[in-house]
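# Secondary and tertiary structure notes
Below are the chains, spelled out letter by letter.
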Amino acid sequence: MAKIKMKKKSTSTDMTAMCDVAFLLLTFFILTATAKVPEALPVDTPASTVQTKLPESDLATITIGKGKVFFDLKGREVRKRALQLMGDKYGVTFTQEEMDKFALMEGFGVPIQSLSQIIAMKSADRNKAEQPGVPKDSLDNQLKEWIYNSRIANIETNDKELQIAIKGDAKEEYPAIKKVMDILQDQKINSFSLVTGLRGKDF
């Protein structure tokens, strides 16, 4: 008996639904992603297996790298108050517009006398500017004053003690890190965080 041959039909898959799902997922990830804020002083932090996260508020970060020190502070109102206290200390006047801009900007590394020029720049221009770092010499120790006045500002604004984090470059010389630690210890700050990069555990 002869076999009946069935006609072969070409198979086709409708990919419309798959494309819709792909674009919906892509749109979701784009809209929910947060852009990484460019660092004023990029540093390569030393590796560690510790996974403790830094607090989202009541925090000041001191970044050390390339022989420079940059200072950053969390909280808009705290930043404004700290800037006001620093202005009073050094006789530098800041307008309300400058204070509002300072409250939104990232870390900085200039003397208080040059801060208005950095505030006036756009964010991209600030990162390109060659900021010399916050002075920390014995004759002009503005870093000490920033830490002190930021602590006062945080207590006045949030009624909490300010926490300090040191973010040092892995290739930075130890004396530069120790100098910052000495400044903290002069203000009786013996507890602070060291920011490190995450690495896998050694087996």
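See the structure shown above.
Residues numbered from 1 in each chain as written. Predicted model: local features only at pLDDT ≥ 70, side-chain atom pairs only at ≥ 80, totals over all residues. Heavy atoms only, no water.

Among the nonpolar cores identified, the biggest contains 37 residues, and Ile62, Phe71, Leu115, Leu143, Trp146 and Ile147 are the most heavily contacted of them. The greatest single-element share of this core, amounting to six residues, is contributed by helix α7 (residues 174-186). Ignoring any residue separated from it by four or fewer positions in sequence, one finds Leu115 in contact with Leu83, Phe94, Phe102, Phe108, Val110 and Trp146. (Core = buried A, V, L, I, M, F, W, Y, C linked by side-chain atoms within 4.5 Å. Buried < 20%, exposed > 50% of the residue type's maximum accessible area, 1.4 Å probe, protein only. Helix = DSSP H or I, 4+ residues; strand = E, 2+ residues; numbered from the N terminus. Contact = heavy atoms within 4.5 Å.)

Along the chain, Asp169 turns up in the loop between β4 (163-168) and α7. It is Lys171 that comes nearest to the buried, bridge-free Asp169 among opposite-charge side chains, at 6.4 Å. For Asp169, the side chain forms a polar contact with the main-chain nitrogen of Lys171, separated by 2.8 Å. (Lys, Arg positive; Asp, Glu negative; His and termini not counted. Salt bridge = Lys/Arg side-chain N within 4 Å of Asp/Glu carboxyl O. Polar contact = N/O pair within 3.5 Å; in protein donor to acceptor, adjacent residues only side chain to side chain.)

A word on the pattern of salt bridges. This structure, assessed with the given rule, holds eleven salt bridges. For Glu130, the salt bridge identified is with Lys68, shortest N-O distance 3.6 Å. In this pair, Glu130 sits in the loop between α5 (123-128) and α6 (142-158) while Lys68 sits in strand β3 (residues 68-73), placing the two residues 62 residues apart along the sequence. With a closest N to O distance of 2.6 Å, Arg81 and Glu156 form a salt bridge. One end of the pair, Arg81, is in helix α2 (residues 76-90); the other, Glu156, is in helix α6, and 75 residues separate them in sequence. By relative accessible area, which is 24% here, Arg81 ends up partly exposed.

Any functional reading would require information beyond the geometric quantities listed.
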